[in-house]
Every structure is written in C-alpha cells, then in structure tokens.
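Observations on the three-dimensional arrangement
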Amino acid sequence: MAIKILATGDLHIGKKISSSVYDTGGLSAKDTWKRIVDWSIDNDVDIIALTGDIVDRDNRYFEAFGPLQSGFKKLKEKGIQVYMVAGNHDFDVLPELLKPGGFENVHFIGDRGQWQLLTYFKDQEILQIAGWSFPTQYHRQDPLSQFTLSDIDQNFPCIGLLHGDAYAKDSAYAPIDISLCNGLPVNLWILGHIHKPGTLKAVVPYICYPGSPMAFGPKEPGIHGPIVFMVDKGIILTPETVLFSPVRFENLEIDVTGSDNEDELRRRLMAEIDNEVLELNKQTPGISHIVFDVTLTGTYPRSNEIGRWSRGLSGAEDYGTNETRIYVRRVSVTVKPEVTDLEELSRQSSPAGILASAILAIDADRENEFLTQMIAEWEKKFIYMRNRPTYQPLKRFQESEESIRETAKKFIRKEAIRLLGELTQQQQQ
Ligand SMILES: [Mn+2]
C-alpha cells in the first residue's frame, strides 16, 4: 500500500491577525490545525509533515499547547505519524510540547540544528525523512552547507524537511542556497518560512514551499493549503495542493471607463465582484470569505469625485448573495480624468496643458521641462530630508538616484492627474 503524506508549515498558532475578516469565528490558526487533523483522518493520511513555525512566537506558551496536543492525541488513535522540524518562531516551544510524553507518533527532527534521519515503514514501502530544526531564533548559516547525513539509503525515497529562507542570501532566518540540493541524496525538499506557496524546482530534487495553509493577509493572495502526495512502489509522486484557507485575498482591477455616474459605477463594481466571486468559487469551492483590494482604472469625467466616493466603499462587507462573504478592504483609484484628448490639451500653455504634457512625458518616458524641474525639486528635498539627523535611520536604504527619480515620477503623475481632474471639472461648472 502506498504511503500518503500531507505536508504543511507556518501555521503560526497564536498569531494575532490584523485583518478584521478574522474576527469571524472558526478562522484562526488553531481552527486550521483542527481541520488539518480531521482532513487527515478522513482522507487516510499516513504522515503529517510540518515544516516549522507551527507555533507563533508571540503567544507560544499559551494558545498552542491545547490544540496541538489534542490533535496529536487524535492522530495517535488513528496511527497517523507526525514528523516536524522547528522554525525561527518555535525552536524553543516545539520540543516543550512533547515533554509531557505519550506521543510516540510525533517525531521532532533535527533538534538544535543537528541534521537527523528517521525512517517510516508501511507494508513494503519505506520512506526516509531528513530534517533540521532551528537551534536559536536567528541562524545566519545555510543549513544545507552543513548537511551531515551519510546514512541515507539511495535505494529508497527520501524527503527533506527544512525551515529557512530560499529567497535571501543574507537572511537571518537560515538562508538556503537551493543549488546545493543538487548534490544531496534527498528527492523532495519541503520547506517552511515563506507563507506564499511555491514550487522552486519541479524536477528531482523537487523543491517547494507548501506555504501557510491559511492566508494571513492581503500580501498572501491566491490558493493556500497543504500539499499532499503519495509514495508508491518506492516512487514519490508529484505533490498537489489541497485548498484549505477559508479566506482568500485577491486584487481586483476594475475599468470604470464609460460610467457616467455614481450609481452606474457602483453597479459596475458589484457586477465585477460578483463575476470574480463566481470564478473563484469555481476554482476553489469551499471558500467562505473573499477579501478584495480593488483598484479602479480607466477614465472618468470627474476623477476627483471617484476618489471621494470610493472612500465610502472600502470596509464595506457582505456583498455576498450566497454562502461566500465578500469584503472590500480597500479601494484605490488610478482613474484618469476623461480628457478627450490629452495630446490636444498638452498643446495649450495653460496649467492644464502643462500637466497634460507632464503625464504624457512620464507615460512615454520622455524628457519634459516642467517634469525635469519637478523631479530636481523632489530630489533636492528628498536628499535634504534624508540627511537631516531626525531621519538618520532612513539612510540605511541608500536609494539610488534612479529609484528616487522613479518614485518622484509616480508621485508627480498621480498628483498631475488629480489636479487635472480638478481643473477640468472647474471648467465644466
Ligand atoms: Mn519562519
């Protein structure tokens, strides 16, 4: 019989989540853990593999103990094994959890930064599990460069559990150089630390971040859930994601061009959101909450009016007509005033003409006298501010001139559009 493995990490049980959507009951990290346990029991999982930061540092000795231990107990009754490594959040608390004893089914691997290999047997199948746990809150060495396991039997599959930062060489959280995986006898690496799910390498050695099984905020859009895979006749089959997060964060762009008034805008916004919800429900059935960050784009006769109107929309909730609750967390506006012809306007010497020329110059990445002046002014003020003793810490960032100019352009463009909207509206009145 094949071995079925569910792998996840970064549950952060105990973490306070700022998004108000989480005020609704049943959405916390410990609820996610309970659902993982139940799902594993219902779906005949043999092994749960956890890649660290299961417990959040801030509240680590309180909220997590009960739910984790009762989960371990339920899993034990069904013979389900748990293999876990510690991350930077729970390097100290994870071993503590097991101290009361009685959880022969729970295996903490790689204590205090020592690579360790365990072997799981089921009928004829064998799976080796290598792992490394954080010894301290910060760890600046790459654990792969200290890989010491010489007893891996290459006739049988081996997975590696590791918490660390594959995206940053200078990270204080175990930087991982994934090219080192090529020389190691591990077939599948399951990493923790990054909340956004991702496959770093889709051929052997396969490397992935299952990501956090729940989305913690708008910076974590898309599908969240553990990965599940089988080991069959000595072969690891490709992992698949199981949807788990009941909350999904999404960015939505809505083009408002052609709308004439607030009612029409609102109708369009609702219709677009309805469409998107339908689509997301098709993609991932079972989502109970969707949180949108909306950006309004396109052109509108009175763009400053949109700004005012949109402020009333954010924070709104419960557009949902069915079981899915819909929230609009934020509405931002990049709508341009409906100037019939920005080109034509730009030929005028009026303030509106100067602004129109500047917008066109930014969009076409062209030189423009007014723009050059504005950017120079921006740079001067920015550098002055940066060098003032009050703002010393800012110096750390050392912006390049290029990036200062780019920031300036973005800001100037936004302001020029806003001003142009006001100017053209005044002309209409
Ligand atoms: Mn971490």
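Scroll up to find the structure.
This section reports on the structure supplied with the text. (Residues numbered from 1 in each chain as written. Predicted model: local features only at pLDDT ≥ 70, side-chain atom pairs only at ≥ 80, totals over all residues. Heavy atoms only, no water.)

1. Re the overall build of the chain
Inclusion rule: Under the DSSP-based scheme used, a helix requires at least four consecutive residues in state H or I and a strand at least two consecutive residues in state E, with every element numbered from the N terminus. With a 1.4 Å probe rolled over the protein chains alone, any residue whose accessible area is under 20% of its type maximum counts as buried; one over 50% counts as exposed, and the rest are partly exposed. Any pair of residues with heavy atoms lying within 4.5 Å of one another is described as a contacting pair. Computed with the Shrake-Rupley method and a 1.4 Å probe, the accessible areas treat only the protein chains shown as cover for residues. Counted as positive: Lys and Arg. Counted as negative: Asp and Glu. His and the chain ends are not counted at all. All charge positions are set by atom: Lys at NZ, Arg at CZ, Asp at CG, Glu at CD.
Of regular secondary structure, the chain possesses nine helices and 18 strands. Projected onto the principal axes, the alpha-carbon positions of the chain cover approximately 80 × 50 × 40 Å. Within the span of the chain, comprising 429 residues, buried residues form 50% of the whole. Partitioning the intrachain contacts of the chain with sequence separation of at least 6 by distance along the chain shows that 70% fall at a separation of at least 24. Here the chain displays about 21300 Å² of accessible surface, and carbon together with sulfur accounts for 50% of that area. One way to put it: in the chain the 47 positive side-chain charges average out to a point 4 Å from where the 60 negative ones average out.

2. Looking at the sheet that holds strand E14 (residues 247-255)
How we decide: Two strands are said to pair when DSSP picks up at least two bridges between them. Fitting a line to C-alpha atoms yields each axis, with helices limited to the stretch in contact; the angle taken between N-to-C directions then spans 0 to 180 degrees.
Pairing is parallel across the open sheet formed by three strands, whose spatial order is E14-E15-E17. The open sheet terminates on both sides in strands that have one partner only, identified here as E14 and strand E17 (325-333). Going from strand to strand, the sheet's axes swing by 20 degrees on average, the running direction of each strand aside. Note: E14 against strand E15 (residues 289-297), nine bridges, orientation parallel. Counted as the bridge partner of Phe249 is Val291 from E15. Sheet strands touched by helix H4 (residues 262-283): E14, E15 and E17. Its angle to E14, the strand with the most contacts, is close to 140 degrees.

3. Observations concerning the coordination of the manganese ion
Note the threshold: With water omitted from the atoms examined, metal sites may look incomplete; donors here are N, O and S atoms no farther than 2.8 Å from the metal, or 3.2 Å in the case of Na, K and Ca.
Of the protein atoms, only Asp53 (OD), Asn88 (OD1), His163 (NE2) and His193 (ND1) coordinate the manganese ion, at distances of 2.0 to 2.3 Å. Donor residues for the manganese ion sit on one chain with the sequence pattern D-x34-N-x74-H-x29-H. Of this pair, Asp53 sits in the loop between strand E2 (47-50) and helix H2 (65-77) while His193 is found in the loop between strand E8 (188-192) and strand E9 (198-201), placing the two residues 140 residues apart along the sequence. By relative accessible area, His193 is classed as buried at 16%.

4. Notes on the pattern of salt bridges
Spelled out, the test is: Here, a salt bridge means any Lys or Arg side-chain nitrogen found within 4 Å of an Asp or Glu carboxyl oxygen.
For the coordinates displayed, the defined rule picks out 18 salt bridges. Residues Arg266 and Glu262 are paired through a salt bridge, measuring 3.6 Å at the closest nitrogen-oxygen approach. Placement of both Arg266 and Glu262 in helix H4 is noted, with a separation of four residues, approximately one turn of the helix. Given the relative accessible area of 35%, Glu262 is considered partly exposed. Taking the shortest distance from any N to any O, the salt bridge between Arg413 and Asp363 comes out at 2.7 Å. Residue Arg413 is located in helix H9 (residues 401-428), and its partner Asp363 is located in helix H7 (residues 351-364); the two are separated by 50 residues in the primary sequence. Taken together, the shared-partner salt bridges connect Lys16, Lys30 and Glu63 into one network.

5. Some points on H4
Heads up, the condition is: Expected span, for any helix, means 1.5 Å times one less than how many residues it has. Each C-beta atom gives one direction from the helix axis, and the arc is the one those directions make. In protein, a polar contact requires one atom able to donate a hydrogen and another able to accept it; more generally it is a pair of N or O atoms within 3.5 Å, and residues adjacent in sequence count only if both atoms are side-chain atoms.
Counted at 1.5 Å a residue, the expected span for H4 with its 22 residues is 32 Å, and the 31 Å between its end C-alpha atoms agrees. Along H4, the positions that sit buried rather than exposed are Leu265, Leu269, Ile273, Val277, Leu280 and Asn281. One side of H4 carries all its buried residues, which in axial view fall inside an arc of 130 degrees. For H4, the exposed residues lying more than 90 degrees away from the buried face are Asp263, Arg267, Asn275, Leu278 and Lys282. Measuring from the side-chain oxygen of the N-cap residue of H4 to the backbone nitrogen of Asp263 gives 3.2 Å; that N-cap residue is Asn261.

6. As for the state of the cysteines
Inclusion rule: For this text, the term disulfide refers to a pair of cysteine sulfurs within 2.5 Å.
What the rule picks out here adds up to zero disulfides. Summary of cysteine pairing: Cys181 is not part of a disulfide, and the nearest cysteine sulfur, belonging to Cys208, is at 11 Å. Given the relative accessible area of 2%, Cys181 is considered buried. Residue class for Cys208 comes out buried when judged on its relative accessible area of 3%.

7. Examining the side chain of Ser171
Mapped onto the elements, Ser171 comes out in the loop between strand E7 (158-163) and E8. Within polar-contact distance, the side chain of Ser171 engages the side chain of Asp165 at 2.9 Å.

8. Quick look at the environment of Asp165
Mapped onto the elements, Asp165 comes out in the loop between E7 and E8. Among the residues examined, Asp165 registers a relative accessible area of 11% and is labelled buried. When neighbours within four sequence positions are excluded, Asp165 is seen to be in contact with Ser171, Tyr173, Ala174, Pro175, Ile176, His193, Ile194 and Tyr209. In this structure the side chain of Asp165 is engaged in a polar contact, spanning 3.2 Å, whose partner is the backbone nitrogen of Tyr167.

9. Some remarks on H7
In a regular helix each residue adds 1.5 Å, so 14 residues correspond to 20 Å; H7 covers 20 Å between its end C-alpha atoms and thus fits that length. Of all 14 residues in H7, ten are buried, a share of seventy percent or more. All of the buried residues in H7 are Ala352, Gly353, Leu355, Ala356, Ser357, Ala358, Ile359, Leu360, Ala361 and Ile362. Backbone geometry just downstream of H7 places Asp365 in the positive-phi region, at approximately 55 degrees.

10. Concerning the environment of Ile17
You can see Ile17 is positioned in the loop between strand E1 (3-8) and helix H1 (29-42). Ignoring sequence-local partners within four residues, the contact set of Ile17 consists of Tyr22, Met214 and Phe216.

11. Re the packing of aromatic side chains
Rules: Within 6.5 Å between ring centres, the rings of Phe, Tyr and Trp (the latter by its six-membered ring) count as paired, and their orientation is classed by plane angle as stacked under 30 degrees, edge-to-face over 60, tilted in between. Placement of a charge over a ring requires the Lys NZ or Arg CZ to be within 6 Å of the ring centre, with the centre-to-atom vector within 35 degrees of the ring normal.
Applying the stated criterion across every chain yields a total of ten aromatic pairs. Centroid distance Trp33 to Phe72: 5.9 Å. Interplanar angle 80 degrees. Geometry classified as edge-to-face. A residue pair is termed long-range when its members are at least 10 positions apart, and Trp33 in helix H1 and Phe72 in helix H2 qualify at 39 residues. Across the pair, Phe72 and Trp33 agree in class, each one buried. Aromatic side chains Tyr167 and Tyr209 sit 5.8 Å apart centroid to centroid with 20 degrees between the ring planes, which places their arrangement in the stacked category. Taken together, the residues span a long stretch of sequence, with Tyr167 in the loop between E7 and E8 and Tyr209 in strand E10 (residues 206-209) at a distance of 42 residues. What links up through ring pairs into an aromatic cluster is the set Trp33, Phe72 and Phe103. When the ring centre of Phe216 is taken as origin, the NZ or CZ atom of Lys15, which lies over that ring, is 5.3 Å away.

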